[in-house]
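# Fold and contact review
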Amino acid sequence: HGGNVSFVFGAKRPFPQCHASTVAETPDGGLVVAWFGGTAEKDDDVGIWTSNYDGEKWSAPVAAAKINNTPHWNPVLFKDEAGEIHLFFKVGPEIPTWQTYWMHSQDGKTWSAAEELVAGDHGGRGPVKNKAIVLTDGTWMAPASTEPGTWLAFADRSADHGKTWDRSADFVYKSESGKDKGIIQPTFWESKPGKVHALLRSTSGKIWRTDSEDGGKTWVPVYDSGLPNNNSGIDAVRLKDGRVLLVYNHVSGNWKARTPLNLAISKNNGKTWKTVAYLEADPDLKSEFSYPAIIQKESGDVVITYTYQRERVRCWQVPLAAL
């Protein structure tokens with residue numbers, strides 16, 4: 001289908017491991033990518049790193065945020081309707097009590113000082129892995145989840161550009177087996193004004209779905225999307241032409257292999273999906289290609305980043321014509 005694929009940085013890198021990449025378009029038509037990097041996930045030296053793409057090459061990784069000497073996690077880049085870029089991330093030794101910080105940039109290169117998103121919060125507010133979206137009415141809707149033991153997902157909404165946040169109730173999820181943890185890390189899209197949809201990661205071998213008719217304030221009980229999930233991250237984007245793209249590991253089962261990594265497309269708002277491409281595949285099932293992020297640029301072209309073996313971040317730039 002064509003498309004440009006590259007590594008964001010080389011094998012010589014200032015951190016042994018990296019994960020959880022995220023991407024946004026910069027005002028000049030370039031890209032900014034962020035990820036967490038350090039010795040390994042959960043280690044105290046893990047911080048947030050960024051790199052920029054100028055249309056030809058990637059800049060060397062820069063340490064963008066390190067609030068304190070505890071692990072940092074899951075950066076999320078989000079470009080708002082005015083073109084300002086926001087970088088959210090989690091800080092803290094354990095997921096159930098981590099805190100959300102955010103910082104801002106006009107160009108994707110220089111950032112404001114990091115501040116807590118919701119003062120005093122422990123457990124996580126705002127986007128937990130995937131980008132927020134701007135609804136037709138201007139509301140920011142962030143795909144959120146917490147892990148106090150059970151896994152709980154919700155929509156975190158802001159009507160004032162992130163100054164204050166109002167969370168929905170946790171999505172209603174009934175376990176089929178009684179043994180799984182629940183659902184986390186939603187990815188959102190809006191199909192018509194106020195009609196929004198979520199796909200969710202789970203430990204039960206499938207991607208779950210829920211929908212809202214009121215801009216994310218209330219949601220129907222979670223139901224089966226028809227797609228498998230291996231307890232790894234997913235991300236979707238609704239294209240300007242109404243089609244929905246999804247990047248995910250097409251694998252069923254809790255903690256199963258994080259390969260292959262598929263790009264799928266839906267022409268009916270996520271009811272059915274067709275595989276467009278296998279972005280990565282390891283027939284021996286020993287590799288990890290995971291935690292994708294996907295956006296559509298102003299030009300219409302699509303950009304996807306993901307973890308490559310916990311060592312690199314890989315980036316695909318796919319022309320709209322190839323989709």
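Before reading on, note that the structure itself is shown above.
I will try to describe carefully the structure that is included in this document. (Residues numbered from 1 in each chain as written. Predicted model: local features only at pLDDT ≥ 70, side-chain atom pairs only at ≥ 80, totals over all residues. Heavy atoms only, no water.)

### Things to note about the side chain of Lys-90
Mapping Lys-90 onto the fold places it in strand β7 (residues 85–91). Salt bridges are absent for the buried Lys-90, whose nearest opposite-charge side chain, Asp-121, sits at 6.6 Å. Among the polar contacts made by the side chain of Lys-90, one reaches the side chain of Thr-100 at a distance of 2.8 Å. Side-chain polar atoms of Lys-90 contact the backbone oxygen of Pro-127, separated by 3.3 Å. In this view, Lys-90 contacts Pro-71, His-72, Trp-73, Asn-74, Trp-98, Gln-99, Thr-100, Gly-124, Arg-125, Gly-126, Pro-127 and Val-128; residues no more than four positions away in its chain are not counted. (Helix = DSSP H or I, 4+ residues; strand = E, 2+ residues; numbered from the N terminus. Buried < 20%, exposed > 50% of the residue type's maximum accessible area, 1.4 Å probe, protein only. Lys, Arg positive; Asp, Glu negative; His and termini not counted. Salt bridge = Lys/Arg side-chain N within 4 Å of Asp/Glu carboxyl O. Polar contact = N/O pair within 3.5 Å; in protein donor to acceptor, adjacent residues only side chain to side chain. Contact = heavy atoms within 4.5 Å.)

### Focus on the packing of aromatic side chains
Counting across every chain of the model gives 18 aromatic pairs. Aromatic pair Phe-7 and Tyr-308: ring centres 4.9 Å apart, planes at 80°, arrangement edge-to-face. Separated by 301 residues along the polypeptide, Phe-7 in strand β1 (residues 4–7) and Tyr-308 in strand β23 (residues 302–308) bring together distant segments of the chain. Pairing Phe-171 with Trp-219 gives two aromatic rings, centres 4.8 Å apart and planes at 50°, and the pair type is tilted. Linking Phe-171 in the loop between β13 (166–167) and β14 (183–192) with Trp-219 in the loop between β16 (206–212) and β17 (223–228), this pair joins segments that are 48 residues apart in sequence. Here the aromatic cluster, defined as three or more aromatic residues joined through ring pairs, consists of Phe-78, Phe-88, Trp-102, Trp-140 and Trp-165. Lying across the ring of Phe-7, Arg-312 places its NZ or CZ 3.9 Å from the centre. (Phe/Tyr/Trp six-rings, centres within 6.5 Å; stacked < 30°, edge-to-face > 60°. Lys NZ or Arg CZ within 6 Å of the ring centre and 35° of its normal.)

### Let's talk about the pairing of strand β8 (residues 99–105)
A regular strand places its side chains so that they alternate between the two faces of the sheet. Judged by how many residues are buried, β8 sits mostly within the fold: seven of seven residues are covered. By the alternation rule, side chains of β8 split into Gln-99, Tyr-101, Met-103 and Ser-105 and Thr-100, Trp-102 and His-104, which are all buried. Bridge count for β7 against β8 is seven bridges, and the pairing is antiparallel. Bridging across to β8, Lys-90 finds its partner in Thr-100. For β8 and strand β9 (residues 115–116), the ladder comprises two bridges, and the chain directions are antiparallel. Looking at β9, one finds that Trp-102 is bridged to Glu-115. (Pairing = 2+ DSSP bridges.)

### Brief notes about the environment of Pro-71
Tracing the sequence through the fold places Pro-71 in the loop between β5 (62–65) and β6 (72–79). Residues Pro-71 and Lys-90, 19 residues apart in the sequence, show an inter-C-alpha distance of 8.5 Å. Every residue in contact with Pro-71, bar those within four places of it in the chain, is listed here: Lys-42, Asp-43, Asp-44, Val-46, Lys-90, Val-91, Gly-92 and Pro-93.

### Looking at the nonpolar core
Grouped together as the largest cluster of nonpolar side chains are 20 residues, with contacts concentrated most on Ile-48, Leu-77, Leu-87, Phe-89 and Trp-111. Counting residues per element, the ones that place at least two in this core are β2 (17–25), β3 (31–38), β6, β7 and β8. When residues of this core are assigned to their parent elements, the largest contribution, four residues, is made by β7. Dropping the residues within four chain positions of it, Leu-77 is found in contact with Thr-22, Val-23, Ala-24, Val-32, Val-33, Ala-34, Ile-85, His-86, Leu-87, Trp-111 and Lys-131. Residues Leu-245, Val-302, Val-318 and Leu-323 belong to the second largest nonpolar core, which totals 18 residues. (Core = buried A, V, L, I, M, F, W, Y, C linked by side-chain atoms within 4.5 Å.)

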